[in-house]
Amino acid sequence: MNYTNFNTNEEFFVDMQRCIGCKACEMACAECETNGQESMIHVNYVDRASTVQTTVQVCMHCDDPVCANVCPADAISKDEFGIVHTANTERCIGCSNCVMACPFGVPKKEENYDLMMKCTMCYDRTSVGKKPMCATVCPSGALFFGTRDQIHEMRPNSTPVNSFIFGNETVNTKVNIMMPKGSTELIIY
Amino acid sequence: MKNRTFNTKALLIATLLSIFMIVLVFYGSRKLQNFDAALITYLFGTVFAFFGIVYRYTVWLQRPPTWIYFKRGITYLVTGKVFSHFWFATKETVENIAFQKFIYPRGKYRWMAHFMIAIGCTSAFLITIPLTFGWIHFTMAPNSISVYEAHFFGFKVMDFRLDSIMAFLTFHALNWSSYLVIFGSLYYLRRRLTNPGLIATQTFEGDLLPLILLIAISVTGLGLTYSYQFMKGFAFDFLAVLHAVTVIMFLIWIPFGKFFHIIQRPAQIGAHIYKKQGMKKGMAVCPHTGEEFTTKLHIDDLKIVTKELGFDFTYEDGTSHLDLSPEGKRSRLAQAHLKARQAGGNLFG
Amino acid sequence: MAKLPVSEENIIAHFGPHKNYSPKEGYEGRDEPDELVKTHCCFCGMQCGIQLSVKDNKVVGFEPWMEFPFNEGRLCPKGVQRYLQNNHPDRLLSPLKRVEGQGFVPTSWDEAMDKTVSEIKRIQEKYGNDAFSMLSGVSLTNEKSYLVGKFARVALKTKNLDYNGRLCMVSAGAGNKKAFGLDRGSNNYSDLEYAEVIIVAGANVSETFPTLTHWIWKARDRGAKLIVIDPRMIPLARTADIHLDVRPGTDSALYGAMLKYLADHDMLDHDFIDNHTSGFQETLDAVKDNTLEWAEEVTGIKKEKIQQAAELWGKANTSFLLHARGIEHHSKGVDNVLGCINLVLATGRIGKPYCGYATITGQGNGQGGREHGHKCDQLPGNRDIENPEHRKYISEVWGINEKDLPGKGLSAYEIIEAIHRGEIKGLLSICFNPLVSLPNSNYVREALEKLEFYVCIDFFLNETARHADIVLAGSLQEEEEGTTTSAEGRVIRIRQAVTPPGDARTDTSIILEIAKRLGVKDKFTYESSEAIFNELRVASKGGTADYYGITYQRVEDEMGVFWPCPTIGHPGTPRLWEDRKFKTPDGKAHFNPAPYRLPGEVTDEDYPVILTTGRVVSQYLSGTQTRRIGKLVDQFPEPLLEIHPNMAKQYGIQQRELVRVSTRRGEGIFPANIVETIREDTVFIPYHWSGKKSANQLTPGTLDPISKIPEFKVCACHLEPLNEIAPPSSESKAYASV
């Protein structure tokens, strides 16, 4: 887009089992310039009554984004770096198709703006070679942004996976989830 | 995305409607007798824009998600309590299309600036398009040298004295529009040049050019007035050409660029109607969180739409991943991940 | 005198807590700051590096500081939001005086100072010097901590100075002094990286020290086994290899049983024990009856799990034991700490790479603050106020006569008790909110109401300050230069990012001004914070906490220096005890017998349920700062009563039903949060809130006989469901509860 210096060597790696639910990412997300004080990342208890397990979800930036496909207003686009952008403000009609269709539960409908907003992988930062806010502050390494070599060195017994099976559908993404060594996909039941 | 580039159906509809439009111009200008030949370039531009808009709109409507909203919206309007449905649609139109109230929470000044541009543009369209088409024209009232009559489609609709406020407002209406558009656009231009989030994501042709174009149209338009009123027609011809060029660029840009949102925006009302209609049929409950999260209609339609688009989220047991709320989906993913990690023998490493 | 001048609601309306949010698109100038100031977070002992964005003398945002070695940009939610305490509508902008019926009204510095000094003099002339007390806190820098210590002894001439570290890690401090003769975590956290086994005892790391999680996870990536000891399944425990869900108040029984198991199965480092320690046999004798079966009975932990943990610990080659308030906030806090240290010493895994032991100090400057000043029994450099040599040295540094130096005073809670008894009549407090943070808050309130004169230095009108006669508008951490010492023992630089707003002044200048007016200007004149630090260096020289070799320049150049650092050329000491020269009189590490005994209060028929307290991730201590930051409040809007479904069923309690929790000291009403992640016999309430939402209405003032730490972590309570579901959390006004 404008002036970009997107560091294509660096990638996003997520490992929700490391997440401690502190919400530092959620607070930091709101410091990203692309989304004002709204937070686009999701941290939630998986089932608080039985466990303290939390999960953290950034936009996975799908190769063929379902959100963009189901958008009746052509408001969501993917750029040459594979970033799926937030809804174009003038086009989005606030229908929430993307919110309900995204298999990862990422897009967020801001009811009083009648607008969908979502994670752009901190485009204002990544487009100039910086790391996204959430992955910068994450104290547990549940979110990590760096090179494949770095992650391999730090976590030799895990493999980044970017293929997700939801029923009959396989979704491939730009963002990786760390899985046991040798895994190729994550099947969601 | 799976958009085809060529679309016969849309081409056909656009051609037919454009021909119909030309027929209307012909008869609306009383077989061209009220037509202002000086505006011929504008006419071609407008008709071309019309063609483009209809074509693009038709292509757009054919996309499965759009078509569902369109279909549901229209069905809603013409079935059941038609009167109350129209009342709802009218209320929504006033709030969202005329006043763009949804922008206000995003920022007071953003709303104000947008409202100025919207009012400016709408009033300019309402004046210039019928003028171009020869649908309105002004004549001196018979037996008078100070009373003007306005005609629409050849029928007289009103008259006013030349020295009246009405006359001042009417003849300068385009100037008022220009000022509104200029101030509004300048606000947005400033915002786009200083807001780091916007700077990072905007494009020149998508976001800055439209604002520059709006300002150019308004400034050259104002220039025409000032040229003949205060500067004895200085550079009038040059300004006239410049104005025509900017306007025509604007017109033919509508179907392809940012301005298409003007045409598209009423779909928002469709979305509101859809939600309202869906709620009557009941809410979907997330099997993970046990909470309502959207309408059943929405989920049922999405299952159809995603399949049409080539996505199939159906599980072996016949349920769908789409039955889950966003929070439910995130939690299920995390649970699947935990299970896979546990099966791998180690949560870390 | 010190009853509230107007209603509490009225005070809250004027002075908050109000929630502060950043404007929708951030503060003006966030994207183009005048300056990025490299400093540290104002909250916990991790002291994470952070860069504050400053525009027009206001903190408008932050930028991660990637180069600082401990956290490399990582932060917790409090750290991310800490910039919102500047620019806050509740900020005190001028001194205030209490006017009956009107509340707190702005006054001039002259009037405020005159009143303060004349009241100090009046009380001290009438009742004696020690009738005027001072309470301080360890969110203050080393410079301010040192200054407070000197100010109380030299300007106020009172022995009754203590600090809120008394509620923090004094049990650990006392235990460490007994065992090692020095009070500091033995290792820096990079020694966690290759530890084979990590024990985390009573430390909710992921909520109270989130950025430390990185180092523990790093070890686990290398295959480390994690043992978490906590009555609740805290986030760290969820993925732990072994979670020992100990019954509150029985920790030392667990350590005793583990030590006995190590000895019985000869998983000991005999060479280390024989050559470098003393007291092993007595210590072992004290646990000779602590069988696994007995421990299961007492602690409620399955004996197989205890055995498994002991096996893991016993067989490891490298290890790290971390503990925090969970084992320290007890009437036997010191015993618990000693129990942990005994496990470390028995295996000899200390003073070697990846072999570590440390308490995780809670407060921002909990480490540095407890070394140089405001502890009731201590002088700079961690010297003993009763030791004649230490007294002599410090008297020389301060230029006073040794006999004018007061002796050991009362500890924090004892000061409150003395006020309640009418023995202490005046109080100066800074950086301490005892009405929220001390146990038995109703009793504390009664005490405050008995004061003849109370002056408070703070930047917000905290709950305790509402009882003050004079409030002096002081400074935030980012408004003064200084240093702190992180939980690792790393001395780091706090930088002034902005100057105090309005008529507010720096804490240092306020203390210096009072000292001047008390007639000791000659001993309280410094041209800068660095000058105070340089005096501190000299004062600490030769003490156990020796800072002499540390200068501002070095701290900046080296991104922190670990004490002890006795000479200018000394590299600092990230890892202690590599030389096996312990600081005890005999130079050996000491085993100390820590036999199990009951907590101060046990359950009975009237109060059949165990109550324990703790923290949540988005709040910090008494909440003076964090209950004013909107998003941190919204993350945990109110204290919830965590209760196991089986106990909830027994009492017929529904999810979010209001439950009256009562103890012998008071009662409070809290919505229930029914979760399987807590022991069946225990309920939990976080303590950050004030008034009727305060968990400390319930907690007992039972003190540890050695460390004088109050027993926050265990007492007996009674539950009564109220048949009413609480309104949604989002509607809660608990952050400003009266």
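In this text the structure is predicted, and so the values were computed from the model without any measurement.

Enquirer: Can you break down the interface of chain C and chain B residue by residue, with the values?
Expert: Contacts between the two partners involve seven residues from chain C, matched on the other side by five residues from chain B. Taken together, the residues of the side of chain C that touches chain B break down into one nonpolar, two polar and four charged.

Enquirer: Before we move on, can you summarise the sheet that holds strand β3 (residues 58-64) of chain C with the specific residues and values?
Expert: All names here are of chain C. Spatial ordering of the open sheet is given by β1-β2-β3, a layout of three strands whose pairing is antiparallel. The outermost strands of the open sheet, each flanked by one partner alone, are β1 (35-40) and β3. Between one strand and the next, the sheet's axes are offset by a mean angle of 35 degrees, whatever the strand orientation.

Enquirer: Lay out the packing of helix α4 (residues 142-155) of chain C against helix α21 (residues 507-517) of chain C with the relevant residues and their values.
Expert: Residues and elements named next belong to chain C. Where α4 meets α21, the closest approach of the two axes is 11 Å, and the angle between their N-to-C directions is 15 degrees. Relative to α21, the element α4 is oriented roughly parallel. Relative to α21, α4 is oriented so that their crossing is left-handed. Between α4 and α21, the contacting residues are E143, K144, L147, V148, F151 and A155 on the first element and D507, T508, I511, I514 and A515 on the second. Classifying every residue of the contact of α4 with α21 gives seven nonpolar, one polar and three charged.

Enquirer: Could you give me a rundown of unusual backbone geometry, with the residues and numbers involved?
Expert: Residues and elements named next belong to chain C. G16 connects to P17 through a cis peptide bond whose omega is 10 degrees. Inspection of the secondary structure puts P17 in the loop between α1 (8-15) and β1. Here the bond from W563 into P564 is cis, since omega is -5 degrees, no more than 30 degrees from zero. Its location among the elements puts P564 in the loop between β21 (561-562) and β22 (589-590). A positive phi is found at N57, a non-glycine position, where the angle reads about 60 degrees. Note on placement: N57 falls in the loop between β2 (49-55) and β3.

Enquirer: Outline the pairing of strand β20 (residues 490-494) of chain C, listing residues and values.
Expert: Residues and elements named next belong to chain C. Across the five residues that make up β20, a large majority, five, are buried. Neither face of β20 is open: one carries R490, I492 and I494, the other V491 and R493, and all of them are buried. Here strand β19 (residues 482-485) runs beside β20; their pairing, made up of four bridges, is antiparallel. Looking at the pairing, T484 lines up with I492 of β20.

Enquirer: For helix α12 (residues 267-280) of chain B, give the residues involved together with the corresponding values.
Expert: All names here are of chain B. Taking 1.5 Å per residue as the helical rise, α12 with its 14 residues ought to reach 20 Å, and the 20 Å between its terminal C-alpha atoms agrees with that figure. At its buried positions, α12 is contacted by α3 (64-78), α4 (82-98), α11 (260-264), β5 (292-295) and α13 (296-308). Just downstream of α12 lies G282, where phi reads positive at about 105 degrees.

What counts, and where the lines are drawn
Residues numbered from 1 in each chain as written. Chains lettered and ligands numbered in written order. Predicted model: local features only at pLDDT ≥ 70, side-chain atom pairs only at ≥ 80, totals over all residues. Contact = placed C-beta atoms within 7 Å. Nonpolar A, V, L, I, M, F, W, Y, C, P; charged D, E, K, R; others polar. Pairing = 2+ DSSP bridges. Helix = DSSP H or I, 4+ residues; strand = E, 2+ residues; numbered from the N terminus. Axes fitted to C-alpha atoms, helices over the stretch in contact; angles between N-to-C directions. Parallel < 35°, antiparallel > 145°, perpendicular 65-115°, else oblique. Left-handed = near helix turned anticlockwise from the far one by under 90°. Buried ≥ 20, exposed ≤ 12 C-beta atoms within 10 Å, placed from the backbone. Expected span 1.5 Å × (residues − 1).

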